[in-house]
Amino acid sequence: MFLTTRLFLLGVMALLAGCGEQAALPLPFPRPGEHDLVVLTRPGPLTHDGEEGSIVGRLERDLAEAFAQELGVGVRYEIVEPAGLDAAIAKGRYHLAAAWLSPLPGIAATPPLFMTRDALAQHEASLPLREIAQLADKTVHVMAGSRQAATLRQLLAGVPGLAVVEVGEGTILDLLERLGKREVEYVVMDDRLEDLASQHVPSLRTSLRLSEEQPIVWLLGPHPDSELAARASAFGERIRGDGTLSRLEERYFGHVRRLKQGDVTKFLAEIETTLPRLREHFDEAAAISGLDWRLIAAVAYQESHWDPFATSYTNVRGIMMLTEETADRLGVGNRLDARQSILAGARYINILRDQLGDDIAEPDRTWLALAAYNIGPGHMNGARTIARQLNADPNAWYDMKRVLPLLAKPQYYQRLKAGRARGGEAVILVENIRSYYDILRRNDATAMAEKPARENRLGMTTEATGLGIAP
């Protein structure tokens with residue numbers, strides 16, 4: 001009932017907004033040199049993270065920027081909080097509302113880009129709920145203004161004793177972290193977030209779907225420009241057909257669920273106990289290299305679990321697991337010295353990125369460099385040669401993560417000067433680093449929200465910076 005009422009009210013809001021002279025006129029079609037593409041969005045893990053300069057980006061943001069690139073224009077974001085989103089949508093002063101939205105009455109929309117549904121999340125230690133009737137006398141938390149809040153309000157009349165708490169502050173990840181700490185018992189979330197959220201809340205489980213699949217679209221406003229509507233719809237059809245959408249989904253979801261629950265739990269503990277002792281070295285390496293300190297730390301954890309004295313059977317040593325040859329090349333006197341190893345490791349990552357060339361876009365350039373960190377630049381060049389022979393894109397991690405394992409097969413490595421390599425291990429390494437990096441970014445953002453920015457020993461303020469851009 002509430003969802004029907006909300007949709008009716010949104011339709012009325014759109015109609016009333018359309019009566020105003022300003023809102024009745026669509027924004028001019030975005031043309032190069034004249035108008036940017038105006039994108040209405042909201043903060044969120046699938047929409048816009050607000051971290052300018054980051055190569056990680058967000059799914060909706062990357063899609064909007066790909067569309068803007070096709071139009072040959074820039075992007076101007078109008079970022080609103082969930083409480084003000086309905087009014088902003090109804091007013092219509094945007095080209096696209098790209099905020100993980102479903103269709104609304106009175107608002108034009110593109111064909112579906114994704115499909116999703118709402119799910120009940122709970123702690124793994126609690127008795128799993130399998131039927132909606134089991135929500136009786138339960139308290140369920142949800143983000144205010146979300147589609148999930150509307151779904152829950154629909155259930156109120158049919159589930160006796162169900163209490164719904166709408167949370168107006170923070171993000172869905174904040175709320176799910178409260179679930180992990182057992183501060184709340186149940187949370188309703190978009191099920192597309194489950195794998196991403198599990199990297200930060202390993203005790204999270206979903207066992208009950210509360211809605212049928214629903215489309216995710218771009219809203220175009222109550223009175224969209226007809227040319228823009230046609231171009232946006234054609235863009236959506238194209239990216240579904242040519243693999244662009246699949247590649248973007250892989251970018252955001254392809255690396256999740258590789259870490260086991262115990263891996264995530266251990267890493268979160270190490271962030272609290274071990275990372276503070278090493279943080280100054282990562283900060284210094286970031287200042288010198290221009291890399292995000294969290295990326296450097298993620299590489300170090302994957303290589304050695306932050307153990308400065310780690311040594312492998314192949315005699316790679318130290319917290320960044322440098323070979324003797326690489327250490328000599330970078331002037332490292334003692335590979336077991338944490339500071340020397342971290343600074344050298346960051347420099348080496350940049351060397352590998354530079355060798356790949358500026359024509360490879362981020363984040364692919366960094367992921368390929370990290371694979372080369374594991375197998376060596378010679379083997380990486382060989383894998384890229386194989387990719388070209390197979391008509392795969394040697395500049396795209398999406399393709400290369402499927403090509404690299406071929407370095408272990410004789411029919412491929414026998415053609416190469418560098419010979420055989422464990423390319424599959426390099427893929428696992430990079431995917432794990434991506435997960436560790438995601439966790440560190442989330443953990444750092446939470447810490448920054450809870451206390452003032454601290455000063456490191458170099459006198460620099462610790463802030464969220466881009467993965468490949470110096471502060």
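Structure: above.
Overview of the structure. Every residue gets a number counted from 1 within its own chain, in the order that chain's sequence is written. Owing to the predicted nature of the model, reporting of local features is limited to residues with pLDDT of at least 70; listing and counting of side-chain atom pairs is limited to 80 or more, with chain, interface and lining totals taken over all residues. Derived side-chain values reflect all non-hydrogen atoms in the structure, with water molecules and hydrogen atoms excluded from consideration.

### Regarding the packing of aromatic side chains
Which entries qualify depends on this criterion: Centres within 6.5 Å are what make two rings of Phe, Tyr or Trp a pair, Trp counting through its six-membered ring; a difference in plane orientation under 30 degrees is then read as stacked, over 60 as edge-to-face, and the rest as tilted. Helix and strand assignments come from DSSP, with helices taken as H or I runs of at least 4 residues and strands as E runs of at least 2, each series counted from the N terminus. When accessible area is computed with a 1.4 Å probe and restricted to protein chains, residues below 20% of their type maximum are described as buried, those above 50% as exposed, and intermediate ones as partly exposed. In this analysis the charged atom, NZ for Lys or CZ for Arg, is taken to sit over a ring once it is within 6 Å of the ring centre and within 35 degrees of the ring normal.
Taken as a whole, this structure holds ten aromatic pairs when the rule is applied. Judged by centre distance (5.8 Å) and plane angle (5°), the ring pair of W218 and F235 falls under stacked. Within this pair, whereas W218 is found in strand β11 (residues 214-221), its partner F235 is found in helix α8 (residues 226-241), the two being separated by 17 residues in sequence. W218 sits in the buried class, given a relative accessible area of 0%. Each member of the aromatic cluster is reached from another via a ring pair, and the members are F267, Y301, W306 and Y436. Across from the ring centre of W293, 3.7 Å away, lies the NZ or CZ of R279, which sits over that ring.

### Observations regarding the nonpolar core
The nonpolar side chains of a soluble globular protein tend to be buried with one another. The cut-off we apply is this: Here, nonpolar core means buried Ala, Val, Leu, Ile, Met, Phe, Trp, Tyr and Cys residues that are tied together by side-chain atoms lying within 4.5 Å of each other. Every residue pair with non-hydrogen atoms within 4.5 Å of one another is taken to be in contact.
Ranked by internal contacts, the top residues of the largest apolar core, which has 65 residues, are F282, I296, W306, M320, W397, M400 and L404. At the level of secondary structure, the elements contributing two or more residues to this core comprise α10 (261-273), α11 (275-289), α12 (293-304), α14 (338-356), α15 (364-375), α16 (377-389), α17 (397-403) and α19 (423-450). Those residues in contact with M400 that lie beyond four places of it in its chain are L368, M380, A383, R384, A387, D393 and P394. Of all hydrophobic cores here, the second largest spans 44 residues; its members include L46, L96, V167 and L204.

### Regarding the packing of helix α3 (residues 59-71) against α8
Our working rule: An axis is simply a line fitted to the C-alpha atoms; with a helix, the fit covers only the stretch in contact. Between two such axes, the angle follows the N-to-C directions and lies from 0 to 180 degrees. The handedness criterion is simple: a crossing whose near helix is rotated anticlockwise from the far helix by less than a right angle is left-handed, and one whose near helix is rotated clockwise is right-handed. Only Asp, Glu, Lys and Arg are considered charged, only Ala, Val, Leu, Ile, Met, Phe, Trp, Tyr, Cys and Pro nonpolar, and every remaining residue, Gly among them, polar.
Packing of α3 against α8 brings their axes to within 11 Å, and their N-to-C directions diverge by 115°. You can see that α3 and α8 cross each other, and the crossing is right-handed. In contact with L63, A66, F67, E70 and L71 of α3, α8 contributes L228, R231, A232, F235, R238 and I239. Looking at the contact of α3 with α8, its residues break down into eight nonpolar, no polar and three charged.

### Things to note about the pairing of strand β9 (residues 186-190)
Regular strands place side chains that alternate from one sheet face to the opposite one. Formally: Note on pairing: two strands pair once DSSP finds at least 2 bridges between them.
Extensive coverage of β9 is indicated by the burial of five of its five residues. Where strand β7 (residues 139-143) lies against β9, two bridges are found, and the strand directions are parallel. Directly across from H141, in β9, lies its bridge partner V187.

### Thoughts on helix α5 (residues 147-156)
Within α5, seven of the ten residues are buried, which leaves the element mostly enclosed by the surrounding structure. If you check which residues of α5 are buried, you get R147, Q148, A149, A150, T151, L152 and L155.

### Quick word on the sheet that holds strand β6 (residues 118-123)
As summarised here, the arrangement of the five strands in space is β8-β7-β9-β6-β10, forming an open sheet in which the pairing is mixed. With partners counted over all chains shown, the strands left at the sheet margins are β8 (163-167) and β10 (204-209), one partner each. Across the sheet, the mean angle separating the axes of adjacent strands is 35° when strand polarity is ignored. Relative to the sheet, helix α6 (residues 172-180) contacts β6, β7, β8, β9 and β10, its axis offset from that of β9 by approximately 145°.

### Considerations on the packing of α14 against α15
Each pair of packed helices can be described by the angle between their axes along with the distance between the axes. Axis separation between α14 and α15 bottoms out at 9 Å; the angle between their running directions is 115°. Between α14 and α15 lies a crossing of right-handed hand. Counted together, G345, Y348, I349, L352, R353, D354 and L356 of α14 and R365, T366, L368, A369, L370, A372 and Y373 of α15 form the full contact between these two elements. A class-by-class count of the residues in the contact of α14 with α15 yields nine nonpolar, two polar and three charged.

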